[in-house]
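Coordinate analysis (summary)
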Amino acid sequence: MRPPGRRRRLRWPILLFIATCISTFLAGVIPGGGMPDPSQLGNLPEAIRSQLIHNGAVFSGSLMLILFCHEMGHYLQARRHRVHATFPFFIPMPFTPFGTMGAVIFQEPGVADRRQMFDIAVSGPLAGLIIALPIAFWGVQESVVAQFPPGPKLMSYGDPLILKWMIAAKHGPLAANQDILLNDNPLLFAGWVGIFITALNLLPVSQLDGGHVLYTLLGPPARRVAKMFMLGALAYMFMTDNWTYFFMWFLVLFMGVSHPPTRDDRVPLGTLRTIIGWATLAFIIVGFTPMPL
């Protein structure tokens, strides 16, 4: 029998996990189309209702697997280094196209040294990508190219470079009035969201995974990089009038842009960890989407 304290620590992670499974299921019923009114599903013909339920289950299962592996990468490395960390807290976001804002793990501050912090930080994105990239590739294999009439579309998702390469390998270059259909491809949309969330989390600021990794690579100079990045991001939003990321920008500013020191910043990373760290941060180039919608 688990002690009461352990049961209490598990209660919220389990409840949030279930809530996120439900919200991602509803978001995936029409992949990329936003969450439908659940009361309307019962009025649809059986064949359509079965297809929509299948879409929701595939999207939710695929995306939750990506997020679970990402967070367990952090958690297991923290346990390996004997750094206290909470179980993952998944964040349900109903009435959004994704159904979630990902998940977070809280670890005891000031306990991990430089090398331990690197291992904990880098393992999450790498574990998530091991799942997200094959899911995206599988979804591309099942994708269909649609022809659209001239003029603006109602809503379109911007693809990161790595997904454009997958699509080009499958379908060749797409014309200006062509796009990949998402509304019946929950695997592709789950892969898209997994890549998007991973790249977003690798931005080199604050307490994001990218902020942790950059600090362990550069030490205190990473704080100047983070501040320059925040100024550059704000300038980009002004120049392009694209305010998609303003809420996140403000949230990072509120949390604090600079990364705190580790327990011991002098512990060497070694050549292999340094290569892995820079290669992981470089994923931003091929995985980030400046204009996701």
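Just so it is clear, the model here is predicted, and its values are computed rather than measured.

Section: a nonpolar patch on the surface
A cluster of nonpolar side chains, Phe238, Trp243, Phe246, Phe247, Phe250, Leu251, Leu253, Phe254 and Met255, forms an exposed patch at the surface whose accessible area comes to about 990 Å². As for its position among the elements, Phe238 is in helix α8 (residues 221–240).

What about the packing of aromatic side chains?
Taken as a whole, this structure holds 14 aromatic pairs when the rule is applied. With 6.2 Å between their ring centres and 15° between their planes, Phe189 and Trp192 make a pair best called stacked. Residue Phe189 and its partner Trp192 are both found in helix α6 (residues 186–201); the two are separated by 3 residues, about one turn of the helix. Assessed through its relative accessible area of 0%, Phe189 is described here as buried. An aromatic cluster of at least three residues, connected via ring pairs, comprises Phe59, Phe98, Phe189, Trp192, Phe196, Tyr245 and Phe288.

Let's talk about empty space enclosed by the protein
On inspection of all chains with the given rule, the structure shows 1 cavity of 30 Å³ or more. Reported here for the largest cavity is a volume of approximately 40 Å³. Surrounding the largest cavity, Pro204, Val205, Ser206, Gly211, Leu214, Tyr215, Ala222, Arg223, Ala226, Val257, Ser258 and His259 form its lining. Those elements that provide at least two residues to the lining of the largest cavity are α7 (209–218) and α8. A class-by-class count of the residues in the lining of the largest cavity yields 7 nonpolar, 4 polar and 1 charged.

Things to note about the side chain of Thr289
Note on placement: Thr289 falls in the segment after α10 (271–287). Contacts of Thr289, omitting those with residues within four sequence positions, involve Gly158, Asp159, Pro160, Phe196 and Tyr245.

What about unusual backbone geometry?
The backbone of Ser206 shows a phi angle near 50°, a positive value even though the residue is not glycine. Relative to the assigned elements, Ser206 resides in the loop between α6 and α7. Take Ser206: its relative accessible area is 1%, and that puts it in the buried class. A positive phi angle is found at Asp241, which is not glycine, with a value near 55°. With respect to the helices and strands, the residue Asp241 is situated in the loop between α8 and α9 (246–255).

Examining the side chain of Asp113
Within the fold, Asp113 resides in the loop between β2 (100–104) and α4 (114–141). Classification of Asp113 as buried rests on a relative accessible area of 10%. Polar contacts involving the side chain of Asp113 include one to the main-chain amide nitrogen of Gln116, which spans 2.8 Å. Among residues more than four places away in sequence, those in contact with Asp113 are Thr262, Arg263, Asp264 and Val267.

Overview of the packing of α6 against α10
Packing of α6 against α10 leaves a shortest axis separation of 9 Å and a crossing angle of 130°. It follows from the interaxial angle that α6 and α10 lie oblique. In this structure, the crossing between α6 and α10 has a hand that is left-handed. Where α6 abuts α10, its residues Ile195, Thr198 and Ala199 lie against Phe283, Ile284 and Gly287. A class-by-class count of the residues in the contact of α6 with α10 yields 4 nonpolar, 2 polar and no charged.

Quick word on the state of the cysteines
Enumeration according to the criterion identifies 0 disulfides in this entry. Cys69 supplies the cysteine sulfur nearest to Cys21, a cysteine that is in no disulfide, at a spacing of 13 Å.

Some remarks on the nonpolar core
The biggest cluster of nonpolar side chains holds 47 residues, and the ones touching the most others in it are Leu163, Phe189, Trp192, Val193 and Phe283. Mapped onto this core, the elements with two or more residues apiece are α3 (46–80), α4, α5 (161–171), α6, α8, α9 and α10. In this structure, Leu163 is in contact with Ala136, Val140, Leu188 and Trp192, ignoring residues within four places of it in sequence.

Considering the packing of α4 against α10
Axis separation between α4 and α10 bottoms out at 11 Å; the angle between their running directions is 45°. In terms of orientation, α4 and α10 fall into the oblique class. For the element pair α4 and α10, the recorded crossing hand is left-handed. Facing Arg115, Phe118, Asp119, Val122, Pro125, Leu126 and Leu129 of α4, the residues of α10 in contact are Arg273, Ile276, Gly277, Thr280 and Phe283. In terms of residue class, the contact of α4 with α10 is made up of 7 nonpolar, 2 polar and 3 charged.

Thresholds, definitions, all that
Residues numbered from 1 in each chain as written. Predicted model: local features only at pLDDT ≥ 70, side-chain atom pairs only at ≥ 80, totals over all residues. Heavy atoms only, no water. Patch = residues over 30% accessible without salt bridge, like charges linked within 9 Å, V, L, I, M, F, W, Y side chains within 5 Å. Areas by Shrake-Rupley, 256 points an atom, 1.4 Å probe, with all protein chains shown as cover. Salt bridge = Lys/Arg side-chain N within 4 Å of Asp/Glu carboxyl O. Helix = DSSP H or I, 4+ residues; strand = E, 2+ residues; numbered from the N terminus. Phe/Tyr/Trp six-rings, centres within 6.5 Å; stacked < 30°, edge-to-face > 60°. Buried < 20%, exposed > 50% of the residue type's maximum accessible area, 1.4 Å probe, protein only. 1 Å grid on protein atoms, 1.4 Å probe; cavity = no way out; pocket = protein on both sides within 12 Å on 5 of 7 lines; lining within 4 Å. Points joined across faces, edges and corners; volume = space filled by probe spheres on them. Nonpolar A, V, L, I, M, F, W, Y, C, P; charged D, E, K, R; others polar. Contact = heavy atoms within 4.5 Å. Polar contact = N/O pair within 3.5 Å; in protein donor to acceptor, adjacent residues only side chain to side chain. Axes fitted to C-alpha atoms, helices over the stretch in contact; angles between N-to-C directions. Parallel < 35°, antiparallel > 145°, perpendicular 65-115°, else oblique. Left-handed = near helix turned anticlockwise from the far one by under 90°. Disulfide = S-S within 2.5 Å. Core = buried A, V, L, I, M, F, W, Y, C linked by side-chain atoms within 4.5 Å.

Note that all results are geometric; they support no functional claim without further evidence.
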